[in-house]
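# Summary of structural features
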Amino acid sequence: MRFGKIDYLNMLPFDVFIKSYPTPCYFKQFLRLKKTYPSKLNESFLFRRIDAGFISSIAGHQFALHSYSLGIVAYKEVLSVLVVDTKNAFDKESASSNALSQALGLNGEVLIGNKALQFYYSNPKKDFIDLAALWYEKKRLPFVFGRLCYYQNKDFYKRLSLAFKHQKTKIPYYILKEAALKTNLKCQDILNYLQKIYYTLGKKEQSGLKAFYRELLFKRIQKPKRF
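Sequence order sets the numbering: in each chain, residues are counted from 1 along the sequence as written. Residues qualify for local features only when their pLDDT is at least 70, as the model is predicted, and side-chain atom pairs are given and counted only at 80 or more; totals for whole chains, interfaces and linings, by contrast, use all residues. Side-chain figures throughout are based on the complete set of non-hydrogen atoms in the structure, without hydrogens or water.

Accessibility here uses a 1.4 Å probe with only protein chains present; expressed as a share of the type maximum, an area under 20% marks a residue as buried, one over 50% as exposed, and anything in between as partly exposed. Secondary structure follows DSSP: runs of H or I at least 4 residues long count as helices, runs of E at least 2 residues long count as strands, and numbering of each begins at the N terminus. When you tally the buried positions in strand 3 (residues 52–56), you get 5 out of 5 residues, the bulk of the element. In terms of strand pairing, strand 1 (residues 3–6) meets strand 3 through 2 bridges, oriented parallel. Paired with phenylalanine 3 across the bridge in strand 3 is alanine 52. Sheet analysis places strand 3 next to strand 8 (residues 143–150), joined by 5 bridges and oriented antiparallel. Pairing of glycine 53 across the sheet is with cysteine 149, part of strand 8. Any two strands are treated as partners once DSSP identifies two or more bridges connecting them.

This part is about the side chain of arginine 147. If you trace the backbone, arginine 147 turns up in strand 8. Positive charge is attributed to Lys and Arg, negative charge to Asp and Glu, and no charge count is given to His or to the chain ends. For this analysis, a salt bridge means a side-chain nitrogen from Lys or Arg found within 4 Å of a carboxyl oxygen belonging to Asp or Glu. Nearest to the buried, unbridged arginine 147 among oppositely charged side chains is glutamate 205, at 11 Å. Of note is the side chain of arginine 147, whose polar atom sits 3.4 Å from the side chain of tyrosine 213. Distance and chemistry together define a polar contact, namely a pair of N or O atoms within 3.5 Å, with one atom able to donate a hydrogen and the other to accept it when in protein, and with adjacent residues in sequence counting only for side-chain atoms on both sides.

Bringing the packing of aromatic side chains into the picture now. For Phe, Tyr and Trp, where Trp contributes only its six-membered ring, two rings pair if their centres lie within 6.5 Å, and the inter-plane angle classes them as stacked under 30 degrees, edge-to-face over 60, or tilted in between. Considering all chains together, one arrives at 22 aromatic pairs under this definition. Taking the centre distance of 5.1 Å and the plane angle of 65° together, the rings of tyrosine 75 and tyrosine 136 count as edge-to-face. With a gap of 61 residues between them, tyrosine 75 in the loop between strand 4 (67–74) and strand 5 (81–84) and tyrosine 136 in helix 7 (residues 131–139) connect regions that are remote in the sequence. Given the relative accessible area of 15%, tyrosine 136 is considered buried. A connected cluster of aromatic rings, assembled from ring pairs, spans Phe3, Phe14, Phe17, Tyr21, Phe54, Tyr150, Phe156, Tyr157, Phe164 and Tyr199. Whether a charge lies above a ring is judged from NZ of Lys or CZ of Arg, which has to be within 6 Å of the ring centre and within 35 degrees of the ring normal. The residue whose ring lies beneath arginine 48 is tyrosine 151, and the NZ or CZ to ring-centre distance is 3.8 Å.

Along the chain, leucine 82 turns up in strand 5. Separated by 48 residues in the primary sequence, leucine 82 and aspartate 130 have C-alpha atoms spaced 4.7 Å apart. Residue contacts follow a heavy-atom distance rule, with two residues in contact if any of their heavy atoms lie within 4.5 Å. If we ignore the near neighbours within four places in the chain, the residues touching leucine 82 are Glu109, Val110, Leu111, Ala116, Phe119, Tyr120, Phe128, Ile129 and Asp130.

So, on to the packing of helix 1 (residues 12–20) against helix 8 (residues 154–166). Running from N to C, helix 1 and helix 8 point in directions that differ by 115°, and their axes come no closer than 11 Å. When the axes of helix 1 and helix 8 are compared, the pair comes out roughly perpendicular. Seen from above, helix 1 lies across helix 8 with right-handed handedness. Along its contact with helix 1, which presents Pro13, Phe14, Phe17 and Ile18, the element helix 8 presents Leu160, Ala163 and Phe164. Convention adopted: a line fitted to C-alpha atoms gives each axis, helices being fitted over their contacting stretch, and angles between N-to-C directions are expressed from 0 to 180 degrees. Here the word oblique covers every angle except those under 35 degrees (roughly parallel), over 145 (roughly antiparallel) and from 65 to 115 (roughly perpendicular). The crossing is said to be left-handed when, going from far helix to near helix, the turn is anticlockwise and less than a right angle, and right-handed when the turn is clockwise.

So, on to the sheet that holds strand 7 (residues 128–130). The 3 strands are arranged 6-5-7 in an open sheet whose pairing can be described as antiparallel. The open sheet has two edge strands, strand 6 (109–112) and strand 7, and neither has a second partner. Neighbour-to-neighbour, the strand axes of the sheet open up by a mean angle of 25°, direction not taken into account. Here 4 bridges tie strand 5 to strand 6, and the two strands are oriented antiparallel to one another. Looking across to strand 6, one finds that valine 83 is bridged to valine 110. Each of strand 5, strand 6 and strand 7 is contacted by helix 6 (residues 113–121), which is oriented at about 105° to strand 6, the strand it contacts most.

In this structure, tyrosine 198 sits in strand 9 (residues 197–200). For tyrosine 198, a relative accessible area of 24% gives the class partly exposed. In sequence terms tyrosine 198 and isoleucine 72 are 126 residues apart; their C-alpha atoms lie 6.2 Å from each other. Ignoring sequence-local partners within four residues, the contact set of tyrosine 198 consists of Gly71, Ile72, Val73, Ala74, Tyr75, Pro142 and Glu205. A polar contact of 2.5 Å, which involves the side chain of tyrosine 198, links it to the side chain of glutamate 205.

Here the phi dihedral of lysine 76 falls at roughly 70°; this positive angle occurs in a residue that is not glycine. Counting through the fold element by element, lysine 76 comes out in the loop between strand 4 and strand 5. Taking the relative accessible area as the measure of exposure, lysine 76 reaches 41% and is therefore partly exposed. One non-glycine residue, leucine 79, lies in positive phi territory at about 75°. You can see leucine 79 is positioned in the loop between strand 4 and strand 5.

Okay, here's the thing in structure tokens:
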């Protein structure tokens, strides 16, 4: 079982959860080694270098039958997916967020993940656009940035998904402190950010996904070529 890991703060609760969840030792060993950013993880999944992972929504569309109701979701603002008013540029680490900025008709530079959080907390003027907030303003729906997809071990991932959804994960202080040092953020900033993120895909979240896919089709927004 080769599970790929997104090395962003939005996965911190899942990282804590999986440490204590009963898995084969090689599962956790591979998880520690396979850390990367979303667009690279998508590529690894689509070329079957990994068997499962949280795949970007734009890439995970074709794997809807190979996913469970678990994903990376923001309701209203997200803080970690921004467009800043500078040059027009996509974020090479992104897939869904680049497409979302196009769907929303925005110009500017897309920032995602930890570097977007650093920009958010170091920018008192808040002269940027939070993509999840703008999406909610237009659609009144949450935005799903990624979803858990798999190729095999269906029963295992079903049990894992149910366990994660029903367990309230508390992040130990030492892990929070390590994350703060790694990202140059304050512990309280990280906790504030994690309150914006949740992981269950219900009816509203599925509606948000469908609305996103309709926008891509209507505006003829292409997936990255490698997908």
